[in-house]
Amino acid sequence: MNELRKRVENMESEQITNPGAYFDSYEDLKVHELMLTDGPRQNAYHNAIVGNRDLFAGKTVLDVGAGTGILSIFCAQAGARKVYAVEASNLARLAREVIKENNFQDVIDVSECRVEDFRLPNEEERVDIIVSEWMGFFLLHEGMLDSVLVARDRFLKPNGLMFPDTATIYLAPCSVPSRFDRWNSVSGVSMQCFGRALRHQGSDKPEVLTVAPEHLLHEGHVVTWLDLKEVTTEELDAFEAKEVLVGQRTGKLQGFCIWFDCTFPVGEQGGRIPNDIVLSTNPVAPETHWKQTVIPLPEGACEDLEQRDPIAFELKMTRNKDTNRRYDLQLTLLDAEKEEHSLPCECQMTKCILMKAHLEKMQVDV
């Protein structure tokens, strides 16, 4: 099948030639209003920090990309002895006011600089915990994980904690009725040619939109899993996933949906077995401001799928050559007849049905 090259365009084209524009964009308070009113985001960080007082009490914390300072305040509320809030934009000045408003100015120190330029008061000092909300679209695009890893390597104690501490990227085939089916009739008028023109106009980039759970044709395949205590910046340069997935729902294959989950460390919580704290952008989870990223397929690649139909693909995520905060996505649809399937495979192709029966017979014989 034809190779599909999809590139996410920069939120601000100026950022390609002026890296400082990345930080300037975060001086727009509407950006922070969006984040502060994102309930799942706020709840996940609040539960992970304030709900884990045993991990924060008496500890030193570094907040990378502190923004309005709300995560630093959570840390202070959880009993942190000292919080270093680092914010590269002039929003740091507003953060100081928010911190003073909440009477934590004696606990939280705000530095207006990039974390790459930050220095702790005592050069021999290391922090116990790093917190950051660094995630971008499909986790890495327009994110700031590189800066968080710089902070980890320079300032975190050997047994220190990262909030969050793991991240996973998922991909699933999906239907995209908002980009395809809706143009079949607009107030009783067929607008299919307009829909085709609209899709063609945006054919060089994925779209950030909300995917309904019922439009997923598979529960999701793990593209990559990151241990944020161990991953290196070099390992973030490129990711590849090549797989044959088995359709779990009947529907129209019109694109591929990408989302991410992040998990946080948990303490003993009074002797109870702790539950994992997860910030999820899965379509089945409450909606976040990240929504999902969708790679729509061209007209000729869309097809009707039945349950157990195989879907073969290869996805490559590569750091953009112009700026390391951007990623290019390259999706190739493959021929399921020619690709190797996982065993046992639940798809309805004859070779997989026969192989599954053979494996089951072997188990019975044993």
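What counts as what
Residues numbered from 1 in each chain as written. Predicted model: local features only at pLDDT ≥ 70, side-chain atom pairs only at ≥ 80, totals over all residues. Heavy atoms only, no water. Phe/Tyr/Trp six-rings, centres within 6.5 Å; stacked < 30°, edge-to-face > 60°. Lys NZ or Arg CZ within 6 Å of the ring centre and 35° of its normal. Helix = DSSP H or I, 4+ residues; strand = E, 2+ residues; numbered from the N terminus. Buried < 20%, exposed > 50% of the residue type's maximum accessible area, 1.4 Å probe, protein only. Salt bridge = Lys/Arg side-chain N within 4 Å of Asp/Glu carboxyl O. Pairing = 2+ DSSP bridges. Axes fitted to C-alpha atoms, helices over the stretch in contact; angles between N-to-C directions. Polar contact = N/O pair within 3.5 Å; in protein donor to acceptor, adjacent residues only side chain to side chain.

Draft legend 1. Region of interest: the packing of aromatic side chains. Counted by the stated rule, this structure contains nine aromatic pairs. Every member of this aromatic cluster is reached through a ring pair, and the members are Tyr 45, Phe 56, Phe 163 and Phe 264. For the cation-ring pair, Arg 182 lies above Trp 183, with the distance from its terminal atom to the ring centre recorded as 5.2 Å.

Draft legend 2. Looking closely at unusual backbone geometry. Phe 163 connects to Pro 164 through a cis peptide bond whose omega is 0°. With respect to the helices and strands, Pro 164 occurs in the loop between β6 (156–163) and β7 (166–174). With an omega of -10°, the peptide bond between Leu 343 and Pro 344 qualifies as cis. The phi dihedral of Lys 291 falls on the positive side, at around 55°, and the residue is not glycine. Here Lys 291 shows up in the loop between β13 (277–280) and β14 (292–296). Of note in this structure, Arg 308 is not a glycine but carries a positive phi near 80°. With respect to the helices, strands and loops of the structure, Arg 308 is situated in the loop between β15 (303–305) and β16 (310–319). A residue is classified by how much of its surface remains accessible, and Arg 308, at 39% relative accessible area, is partly exposed.

Draft legend 3. Seen up close, helix α5 (residues 70–77). Most of α5 is tucked away: six of the eight residues are buried. Taken residue by residue, α5 has Leu 71, Ser 72, Ile 73, Phe 74, Cys 75 and Ala 76 as its buried positions. Immediately beyond the C-terminal end of α5, within one or two residues, lies Gly 79, with a positive phi of roughly 100°.

Draft legend 4. Structural context of the pattern of salt bridges. Counted under the stated rule, the structure contains 14 salt bridges. Notably, a salt bridge pairs Arg 179 with Glu 207, separated by 2.5 Å at the nearest N-O pair. Here Arg 179 is found in the loop between β7 and α8 (192–201), whereas its partner Glu 207 is found in strand β8 (residues 207–209), with 28 residues between them in sequence. A relative accessible area of 21% means that Arg 179 is categorised as partly exposed. Taking the relative accessible area as the measure of exposure, Glu 207 reaches 23% and is therefore partly exposed. For Asp 181, the salt bridge identified is with Lys 252, shortest N-O distance 3.8 Å. Placement of the pair is Asp 181 in the loop between β7 and α8 and Lys 252 in strand β11 (residues 251–253), with a sequence separation of 71 residues. Relative accessible area serves as the criterion here: at 28%, Asp 181 is assigned to the partly exposed category.

Draft legend 5. Highlighting the sheet that holds strand β2 (residues 60–64). Spatial ordering of the open sheet is given by β4-β3-β2-β5-β6, a layout of five strands whose pairing is parallel. The open sheet has two edge strands with one neighbour each: β4 (108–112) and β6. In this sheet, adjacent strand axes meet at a mean angle of 20° when their direction is disregarded. Bridge count for β2 against strand β5 (residues 127–132) is four bridges, and the pairing is parallel.

Draft legend 6. The environment of Thr 233, seen in detail. With respect to the helices, strands and loops of the structure, Thr 233 is situated in the loop between β9 (221–227) and β10 (238–246). Look at Thr 233 and you get partly exposed, because its relative accessible area is 27%. Here the alpha-carbon distance between Thr 233 and Ala 212, two residues 21 residues apart in the chain, equals 33 Å. Looking at Thr 233, its side chain comes within polar contact range of the side chain of Glu 234, at 3.4 Å.

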